Amino acid sequence: PDTETIFLTAHSAYDFMKRAIQLDGFDYLLKPIEFDVLQATIAKALHAIKEERELRHMREHYKPYYELWRKKKSLITDKFWNDVFSGRIVCTPANAADVLEEHDLSGLQDAVILPVLVSVESWQREFSTRDEEMMEYALRKGASEMLLLTGQGEVIQTKQGVNVVIIVGVDGGAEAMNELHSRCESYIRDCRKYFSCNVSCYIGKSSTLYDIAETYRRLLQMEY
């Protein structure tokens, strides 16, 4: 059950990719692939396994190691959204309060959630794998500062490397959506200017915790 799976395949059809995501595949790589990219992907998978083991150990000793848990909270939050998007966690009105309390995210069961998928289309200059990871981290920090309209929410990177801005408390009204569109356009310009990359922002619909996974899958299809 703890095995991470990397698909290495010549099949580029969306149905194959979608099924791999549904099965919680760690990554989906198309052949032919450069060795250093494959090597970096395996290293990420090993790191994810290590973090998952640390997280499980931390939960078993939650009370005596509260400070450690607090420091790792962002890791727990990332895992929660990864599990929700992949279907590993299915929230319902009956279980939402308990699931959220377990992850210290109480209050989201009644929240309106609007996801924005940020896709890096191309880099304007050559980067090493490590430098590219640092740039993507900078992109997520920038997205956090510019796209979280309400100041509430998260910017995460899924196990598949998808950057998602999770905005909490946006009702989807015309004024809010116009503001978000404007911010996305500014963010795209800034990414081109400061981070040497071309990005696209795919804006989802306002959702609840119970249908956010389907909204995320539609965003992936839009990007594809």
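Bear in mind the structure is a predicted one, so any value in this text is a computation, not a measurement. (Residues numbered from 1 in each chain as written. Predicted model: local features only at pLDDT ≥ 70, side-chain atom pairs only at ≥ 80, totals over all residues. Heavy atoms only, no water.)

The next point concerns the packing of aromatic side chains. One pass over the full model with this rule turns up four aromatic pairs. Seen in terms of ring centroids, Trp81 and Phe85 are 5.9 Å apart; in terms of plane orientation they differ by 35°. Their pairing is tilted. Placement of the pair is Trp81 and Phe85 together in helix H4 (residues 73-86), with a separation of four residues, close to one helical turn. Summarising the burial analysis for this pair, Trp81 and Phe85 share the class buried. Connected via pairs of aromatic rings, a cluster forms that spans Phe80, Trp81, Phe85 and Tyr216. (Phe/Tyr/Trp six-rings, centres within 6.5 Å; stacked < 30°, edge-to-face > 60°. Helix = DSSP H or I, 4+ residues; strand = E, 2+ residues; numbered from the N terminus. Buried < 20%, exposed > 50% of the residue type's maximum accessible area, 1.4 Å probe, protein only.)

Right, let's get into the nonpolar core. One finds Phe80, Trp81, Phe85 and Leu209 to be the most contacted residues of the largest nonpolar core, which totals 27 residues. Those elements that place two or more of their residues in this core are helix H1 (14-22), H4, helix H5 (96-102), strand S3 (113-123), strand S5 (163-168) and helix H8 (212-223). Ignoring sequence-local partners within four residues, the contact set of Phe80 consists of Ile89, Val99, Leu100, His103, Leu105 and Leu209. By size, the runner-up hydrophobic cluster in this structure holds 20 residues, among which are Leu114, Val118, Leu180 and Tyr187. (Core = buried A, V, L, I, M, F, W, Y, C linked by side-chain atoms within 4.5 Å. Contact = heavy atoms within 4.5 Å.)

Looking now at the pairing of S3. With six bridges joining them, S3 and S5 adopt antiparallel strand pairing. What sits directly across from Leu117, in S5, is Val164. Relative to strand S6 (residues 197-203), S3 is paired through seven bridges, and the arrangement is antiparallel. Looking at the pairing, Ser122 lines up with Asn198 of S6. (Pairing = 2+ DSSP bridges.)

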